[in-house]
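What follows is the residue order along each chain.
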Amino acid sequence: MFQTTHIGIDLGTANILVYTKQKGIIMNEPSVVAIDINTKKVLAVGTDAKNMIGKTPSHIVAIRPLKNGVIADFDITTEMLKMVMKKVSKILGRTVRKPTVVVCTPSGATTVERRAITDAVKLCGAKQVELIEEPVAAAIGADLPVHEPTANVVVDIGGGTTEVAIISYGGVVTCETIRVGGDKMDDDIIHHVRKQYNVLIGERTAENIKKEIGYALIDHPDQLMEIRGRDLVTGLPKTVELSSSEIQSALRESLEAILETVRSTLEQSPPELSGDIVDHGVVITGGGALLNGLQDWLTSELSVPVHLAPNPLESVAIGTGKSLSMLQQLNKIAK
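Residues numbered from 1 in each chain as written. Predicted model: local features only at pLDDT ≥ 70, side-chain atom pairs only at ≥ 80, totals over all residues. Heavy atoms only, no water.

### Digging into the pairing of strand 19 (residues 282–285)
Moving on, step 1. Here strand 19 shows no split at all, with V282 and I284 on one side and V283 and T285 on the other all buried.
Moving on, step 2. Of the pairings in the sheet, the one linking strand 13 (residues 152–157) to strand 19 comprises 4 bridges and is parallel in character. Paired with V155 across the two strands is I284, which belongs to strand 19.
Moving on, step 3. Pairing between strand 19 and strand 20 (residues 306–308): 3 bridges, direction parallel. Each residue of the ladder has a partner; that of V283, found in strand 20, is H307.
Moving on, step 4. Considered for its hand, the β-α-β crossover made up of strand 19, helix 9 (residues 294–302) and strand 20 is right-handed. (Buried < 20%, exposed > 50% of the residue type's maximum accessible area, 1.4 Å probe, protein only. Helix = DSSP H or I, 4+ residues; strand = E, 2+ residues; numbered from the N terminus. Pairing = 2+ DSSP bridges. Right-handed = clockwise from strand over helix to strand, strands pointing away.)

Here's what the structure looks like:
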């Protein structure tokens, strides 16, 4: 059965989410593609591909074709999107023919990067492609009144970037982007364990450490976690015990960079909107918003209320989907 449909896609550095009006979030998988470098054939996408990281023969590599929210490898991104569309058809139980697709882009994306995203989605059979700026999508997904003349401050901490935006009347008043996000925090942890213990750990282990005992810069009872990696001296597997306070120190630089970006954006706020920010505060969203103690830390540092979005991981995708009903306004925002 053929039927046109509307789809919202959050093309994130870490995860790709797909939203439809009828079913909400129907797909949430890592933005990872496993390819055979000899034949250039895509073997797996999403969770299946992520499970292959660090466990494959030399001719199979798991890569992320998106860097900092924009396309780094056009061909592989196109292949990934084709497989995503196939999965969507399977989930919906029908062939998705010439859908209207709304895709979010980082607010700092260049014209070339925006065109690359549009072209990649169109190659997958989309009839019409609309682009929406990521902070606007995040604000819509967090149920903020973006079309009202009040200041909505969104701090979207994604995998590759953190975007801080003040939104009013459906558009971005001022915005700053920093290339610090969940991936940079994982790298900080990998670097710390290597420097401190001479042990090499993988990205997935680092991510688990961040989720379990990663803390923002607040006082907290110290927690311990055992991890396994490869000893760089002997080359053999080794177990080490990490404390949450040392992981907190490892994350300090990245967290302070995010705080500085938030402060800098708030300083650029027009005086008329500053009063709204004091009243309504700041909303944090994105996977990085789930870091232990982040909300309390930002509240104490910024002296304004800080709220966690209802679904931090899904806010952008939900907002992308909800904005399908505002395509005309979207055109004005995206161009």
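### Section: the domain arrangement of the protein chain
Moving on, step 1. Under the domain assignment used here, the protein chain contains domain 1 (6–137 + 315–334), domain 2 (143–180 + 251–308) and domain 3 (182–250).
Moving on, step 2. The gap between the C-alpha centroids of domain 1 and domain 2 is 25 Å.
Moving on, step 3. Contact with domain 1, which involves 16 residues of that partner, is made by 16 residues of domain 2.
Moving on, step 4. On the domain 1 side of the interface with domain 2, the three residues burying the most area are N68, P135 and V136, jointly 41% of the side's total. (Domains from an automatic or database assignment. Contact = heavy atoms within 4.5 Å. Buried area = accessible area lost by both parts, 1.4 Å probe.)

### Points about the state of the cysteines
Moving on, step 1. According to the stated counting rule, one finds 0 disulfides in the structure shown.
Moving on, step 2. In this model C124 remains outside any disulfide bridge; the closest cysteine sulfur is found in C104, 16 Å from its own.
Moving on, step 3. With relative accessibility at 17%, the residue C124 sits in the buried group. (Disulfide = S-S within 2.5 Å.)

### Let's talk about helix 2 (residues 74–92)
Moving on, step 1. Here helix 2 contains 19 residues, and its C-alpha end-to-end distance of 27 Å stays within 8% of the 27 Å for a straight helix at 1.5 Å per residue.
Moving on, step 2. All buried positions along helix 2 are accounted for by I76, T77, T78, M80, L81, V84, M85, V88, S89 and L92.
Moving on, step 3. The residue sitting at the N-terminus of helix 2 and contributing the capping side-chain oxygen is D73; that oxygen lies 3.4 Å from the backbone nitrogen of D75.
Moving on, step 4. G93 lies just past helix 2 and shows a positive phi near 75°. (Expected span 1.5 Å × (residues − 1). Polar contact = N/O pair within 3.5 Å; in protein donor to acceptor, adjacent residues only side chain to side chain.)

### Structural notes on the sheet that holds strand 2 (residues 6–11)
Moving on, step 1. Spatially, 4-3-2-11-12 is the arrangement adopted by the 5 strands of the open sheet, whose pairing is mixed. Because the sheet does not close on itself, it has two edges, and the strands there are strand 4 (24–30) and strand 12 (128–133). Strand-to-strand twist in this sheet, taken as the mean axis angle between neighbours without regard to direction, amounts to 20°.
Moving on, step 2. In this structure, strand 2 lies alongside strand 11 (residues 100–105), joined through 4 bridges in parallel fashion. Residue pairing across strands places G8 opposite V102, the latter belonging to strand 11.
Moving on, step 3. Packed on one face of the sheet, helix 3 (residues 111–123) meets strand 2, strand 11 and strand 12 and runs near 145° to strand 12. (Axes fitted to C-alpha atoms, helices over the stretch in contact; angles between N-to-C directions.)

### Some remarks on the side chain of T78
Moving on, step 1. One can find T78 in helix 2.
Moving on, step 2. You can call T78 buried: its relative accessible area is 5%.
Moving on, step 3. Among the polar contacts listed, one links the side chain of T78 to the backbone oxygen of F74, at a separation of 2.9 Å.

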